[in-house]
Amino acid sequence: FFLVERRQREAMAQHLAKIFGTEEDKVNCPFYLKMGACRHGDRCSRIHNRPILSQTVMLQNMYLPPPQTFDQAGEPVPQDEDELQDHFEEFYEDIFEELTNIGGELEQLRVCENLSDHLAGNVYAKFREEEDAEKALQKLMGRFYGGGAILPPFFPG
């Protein structure tokens, strides 16, 4: 009897490990686990496991592309690709320099240019060491950028 029960528990544990973070996982939000943000926010029916420590810090909605302009007819005016690239590169260099100065060595720095509100302009900074990420997070907390407060969480990925 106990042997059968033990096998059932092991099979269940293996099944849960297999589906963790997938669409089949009805407990944990797979999108939050992948992106550190969820379009449903606090209204999501699944759990957002927020890590207490991680190598990666997420700076939500930090990158703001140049605003779109419109002509008199309300049509969007095409933006100059070189100006867009220059704007992005200037931002990237600034954020890279600031993060390495306050945190330490970065392994990765990614900027999300998705149009969805929960992803638009998110910056993911992965530091070599968790301690560096923690130091950067503490120094960024409550600072302002682009008119908004910086309240960076650790990223689960």
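Residues numbered from 1 in each chain as written. Predicted model: local features only at pLDDT ≥ 70, side-chain atom pairs only at ≥ 80, totals over all residues. Heavy atoms only, no water.

Details of the pairing of strand E1 (residues 56–59)
Right, on to step 1. The alternating pattern of E1 places Thr56 and Met58 on one face and Val57 and Leu59 on the opposite face, and all of these are buried.
Right, on to step 2. Bridging between E1 and strand E3 (residues 123–127) involves four bridges; their strand directions are antiparallel. Considered in E3, the bridge of Met58 is made with Tyr124. (Buried < 20%, exposed > 50% of the residue type's maximum accessible area, 1.4 Å probe, protein only. Helix = DSSP H or I, 4+ residues; strand = E, 2+ residues; numbered from the N terminus. Pairing = 2+ DSSP bridges.)

Some words on the environment of Ala133
Right, on to step 1. Along the chain, Ala133 turns up in helix H4 (residues 130–140).
Right, on to step 2. Through-space distance from the C-alpha of Ala133 to that of Gln55 is 5.4 Å; in sequence the pair is 78 residues apart.
Right, on to step 3. Not counting chain neighbours up to four residues away, the residues in contact with Ala133 comprise Ser54, Gln55, Thr56, Val57, Phe127 and Phe154. (Contact = heavy atoms within 4.5 Å.)

Things to note about the pattern of salt bridges
Right, on to step 1. The final tally for this structure, using the stated rule, is four salt bridges.
Right, on to step 2. Linking Glu98 and Arg143 is a salt bridge whose minimum nitrogen-to-oxygen distance equals 2.9 Å. Of this pair, Glu98 sits in helix H3 (residues 81–102) while Arg143 sits in the loop between H4 and strand E4 (144–145), placing them 45 residues apart in sequence.
Right, on to step 3. For the salt bridge of Arg128 with Glu107, the shortest nitrogen-to-oxygen distance reads 3.9 Å. Taken together, the residues Arg128 in the loop between E3 and H4 and Glu107 in strand E2 (residues 106–111) connect sequence positions 21 residues apart. (Salt bridge = Lys/Arg side-chain N within 4 Å of Asp/Glu carboxyl O.)

Some details on unusual backbone geometry
Peptide bonds are, in most cases, trans, and in most cases residues other than glycine have a negative phi.
Right, on to step 1. Positive phi values are uncommon outside glycine, yet Asn61 reaches one of about 50 degrees.
Right, on to step 2. Locating Asn61 in the fold gives a position in the loop between E1 and H3.

Points about the sheet that holds E2
Within a sheet, adjacent strands bond to each other through the backbone by hydrogen bonds, running parallel or antiparallel.
Right, on to step 1. Strand order in this open sheet of three strands is E1-E3-E2, and the pairing throughout is antiparallel. Where the open sheet ends on each side, the last strands, each with one partner, are E1 and E2. Taken over all neighbouring pairs, the strand axes of this sheet differ in orientation by 10 degrees on average, direction set aside.
Right, on to step 2. Where E2 and E3 come together, five bridges link them in antiparallel fashion. When the bridges of E3 are listed, Leu106 appears paired with Phe127.
Right, on to step 3. Its contacts with the sheet put H3 on E1, E2 and E3, and the angle it makes with E2 is roughly 145 degrees.
Right, on to step 4. Contacts from H4 reach E1 and E3, with the element oriented near 25 degrees to E1. (Axes fitted to C-alpha atoms, helices over the stretch in contact; angles between N-to-C directions.)

Looking at the nonpolar core
Right, on to step 1. In terms of nonpolar packing, the biggest core is built from 21 residues, with Leu59, Ile95, Leu99, Val123 and Phe127 touching the most fellow members.
Right, on to step 2. For this core, the secondary-structure elements that each account for two or more residues are E1, H3, E2, E3 and H4.
Right, on to step 3. Element by element, the count of residues in this core is highest for H3, at five residues.
Right, on to step 4. Beyond its immediate sequence surroundings of up to four residues, Phe127 is in contact with Gln55, Val57, Leu99, Gly103, Gly104, Glu105, Leu106, Glu107, Asp132, Ala133 and Ala136. (Core = buried A, V, L, I, M, F, W, Y, C linked by side-chain atoms within 4.5 Å.)

Observations regarding the side chain of Asn122
Right, on to step 1. Among the secondary structure elements, Asn122 is positioned in the loop between E2 and E3.
Right, on to step 2. By relative accessible area, which is 0% here, Asn122 ends up buried.
Right, on to step 3. A polar atom in the side chain of Asn122 sits 2.8 Å from the backbone nitrogen of Asn61.
Right, on to step 4. At 3.4 Å, the side chain of Asn122 and the side chain of Tyr124 are in polar contact.
Right, on to step 5. Every residue in contact with Asn122, bar those within four places of it in the chain, is listed here: Ala37, Met58, Leu59, Gln60, Asn61, Met62, Arg110, Val111 and Cys112. (Polar contact = N/O pair within 3.5 Å; in protein donor to acceptor, adjacent residues only side chain to side chain.)

Considerations on H4
Right, on to step 1. Here H4 has its buried residues at Asp132, Ala133, Ala136, Leu137 and Leu140. Axial view of H4: buried residues confined to an arc of 135 degrees, hence all on one face. In H4, the exposed positions angled more than 90 degrees off the buried face are occupied by Glu131 and Gln138.
Right, on to step 2. Tucked into the core, H4 has its buried residues touching E1, H3 and E3.
Right, on to step 3. Of the residues one or two after H4, Gly142 is the one with positive phi, at around 85 degrees. (Arc of directions from axis to C-beta.)

Structural measurements only, silent on function.
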